[in-house]
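Given next are the chains, with one letter for each unit.
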Amino acid sequence: MNFSKTLTTWYLENKRDLPWRKTTDPYFIWLSEIMLQQTRVAQGLPYYRAFTKEFPTVLDLANASEEKVLKLWQGLGYYSRARNLHATAKHIAGNLNEIFPQDYKNLLKLKGIGEYTAAAIASFSYNEVVPVVDGNVFRVLSRYYNVATDITSAKAKKEFTLLAQEVISKDDPALFNQAIMEFGALQCVPKNPNCTICPLNSSCAALSLKKVNELPIKSKKAKAKNRFLNYLFVLDDKNKTTINQRTAKGIWHNLYEFPLIETETLESEEVVLELIRNKFDDISEIILMETETITHKLTHQHLHIKFWKVNRKTTIENGLGFENLNKFPFPIVLHNFIENNKF
């Protein structure tokens, strides 16, 4: 069976109607690929539409403030993607005359663009014969060819890339790359794929060996770190509040948040109350907003969050009205708190 031809035939019959598939413009393809890293298409699609409406060219994105970019990205997570996106747009607009590099090797030099994204842009925009290798591709190739290499190992990327180079269509690499990724997303899914309707079922090694649910091999992730965050929604005597911009490097760098008390373990209400009292000397009232802790799960961290309303007797310098908070980019868990509470 011709693996490449079968995949592309399936793709042309089953592909989703997605806006970035209707263009070869590297700007739009780059945007979509960055947004879809660690993100489902259904979640990323509204953000893609919002970004392309607000920033129709790479120059528009370059000229935007970082705060505006982060606000538009709010809720998509992995905020370093947005910061790198903005930095790269500035570089392309300022140093490359608004023109993207036109080959894989030079695309790799751009900030925030790794091997997968460079391959996607190079093949989709310029039809360069270079394979994309993402989680979907790992899975399809691992099952079809019975490759038992742990996909988290150091040698996996090179091994699967070489295999993908052997089977990629030399005549239409863009079509092949789209096809194998879509096949992994819709047909050769991680759990319990319907192999009875798979066009490759007569030649799939994993199916014949009854190893479909064993492949690809992936070692377990390190256990997520638990963090315990107490956010203080502070109101002064004029009903104004205060927020801070995170300057420390990390997942929420340059986003905004309320004053924070972080503890090593899950502390009792009495302990946290005492910590809050020690932080301010003009408190009239402290209220725990919800008795249930909010757990916000990130890739390597589980954040256990509580919100406390702290009323102060004096006036906060440069205090903000609650109605102005939605102008700032917040982590989604804080944005949701703001949206769900009207003071």
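Residues numbered from 1 in each chain as written. Predicted model: local features only at pLDDT ≥ 70, side-chain atom pairs only at ≥ 80, totals over all residues. Heavy atoms only, no water.

## Considering the overall build of the chain
Turning to step 1, where the next piece is worked out: The number of helices and strands found in the chain is 14 helices and seven strands.
Turning to step 2, where the next piece is worked out: Taken along its principal axes, the extent of the C-alpha atoms in the chain is 75 × 50 × 35 Å.
Turning to step 3, where the next piece is worked out: Burial statistics for the chain: of 343 residues in total, 48% are counted as buried.
Turning to step 4, where the next piece is worked out: Between the averaged position of the 44 positive side-chain charges in the chain and that of its 37 negative side-chain charges there is a distance of 4 Å. (Helix = DSSP H or I, 4+ residues; strand = E, 2+ residues; numbered from the N terminus. Buried < 20%, exposed > 50% of the residue type's maximum accessible area, 1.4 Å probe, protein only. Lys, Arg positive; Asp, Glu negative; His and termini not counted. Charge placed at Lys NZ, Arg CZ, Asp CG, Glu CD.)

## Observations regarding the packing of aromatic side chains
Turning to step 1, where the next piece is worked out: Scanning the model with the defined rule gives 19 aromatic pairs in all.
Turning to step 2, where the next piece is worked out: Summarising the aromatic geometry, the rings of Tyr 144 and Tyr 145 are spaced 4.9 Å apart at their centres and angled 85° between planes, so their arrangement reads as edge-to-face.
Turning to step 3, where the next piece is worked out: Judged by centre distance (6.0 Å) and plane angle (35°), the rings of Phe 258 and Phe 330 are tilted. Of this pair, Phe 258 sits in the loop between strand S3 (256–257) and strand S4 (260–263) while Phe 330 sits in the loop between strand S7 (301–312) and helix H14 (332–340), and the two are 72 residues apart along the sequence. Like Phe 330, Phe 258 is buried.
Turning to step 4, where the next piece is worked out: The rings of Tyr 231, Phe 233, Phe 258, Phe 307, Phe 322, Phe 330 and Phe 337 are connected pair by pair, giving a single aromatic cluster. (Phe/Tyr/Trp six-rings, centres within 6.5 Å; stacked < 30°, edge-to-face > 60°.)

## Some words on the nonpolar core
Turning to step 1, where the next piece is worked out: Formed by 94 residues in total, the largest nonpolar core has its most connected members in Phe 3, Trp 30, Leu 61 and Phe 258.
Turning to step 2, where the next piece is worked out: In this view, Leu 61 contacts Tyr 27, Trp 30, Leu 31, Phe 51, Phe 55, Val 69, Leu 85, His 86 and Ala 89; residues no more than four positions away in its chain are not counted.
Turning to step 3, where the next piece is worked out: Val 234, Leu 273, Phe 280 and Ile 316 belong to the second-largest nonpolar core, a separate cluster that totals twelve residues. (Core = buried A, V, L, I, M, F, W, Y, C linked by side-chain atoms within 4.5 Å. Contact = heavy atoms within 4.5 Å.)

## Some thoughts on empty space enclosed by the protein
Turning to step 1, where the next piece is worked out: This model, assessed by the stated rule, comprises two cavities of 30 Å³ or more.
Turning to step 2, where the next piece is worked out: When its volume is computed, the largest cavity comes out at roughly 130 Å³.
Turning to step 3, where the next piece is worked out: Considering each element in turn, the lining of the largest cavity owes the most residues, three residues, to helix H9 (residues 135–145).
Turning to step 4, where the next piece is worked out: Its residues assigned to classes, the lining of the largest cavity comprises eleven nonpolar, two polar and one charged. (1 Å grid on protein atoms, 1.4 Å probe; cavity = no way out; pocket = protein on both sides within 12 Å on 5 of 7 lines; lining within 4 Å. Points joined across faces, edges and corners; volume = space filled by probe spheres on them. Nonpolar A, V, L, I, M, F, W, Y, C, P; charged D, E, K, R; others polar.)

## Here we look at the side chain of Asn 311
Turning to step 1, where the next piece is worked out: Note that Asn 311 resides in strand S7.
Turning to step 2, where the next piece is worked out: Given a relative accessible area of 14%, Asn 311 falls into the buried group.

## Comments concerning the pairing of strand S1 (residues 225–235)
Turning to step 1, where the next piece is worked out: Across the eleven residues that make up S1, a large majority, nine, are buried.
Turning to step 2, where the next piece is worked out: Relative to S7, S1 runs parallel, the two being bridged by eleven bridges. Within S7, the position partnered with Val 234 by the bridge is Val 310.
Turning to step 3, where the next piece is worked out: In the sheet, S1 pairs with S4 via four bridges, with the strands oriented antiparallel. When the bridges of S4 are listed, Phe 228 appears paired with Thr 263. (Pairing = 2+ DSSP bridges.)

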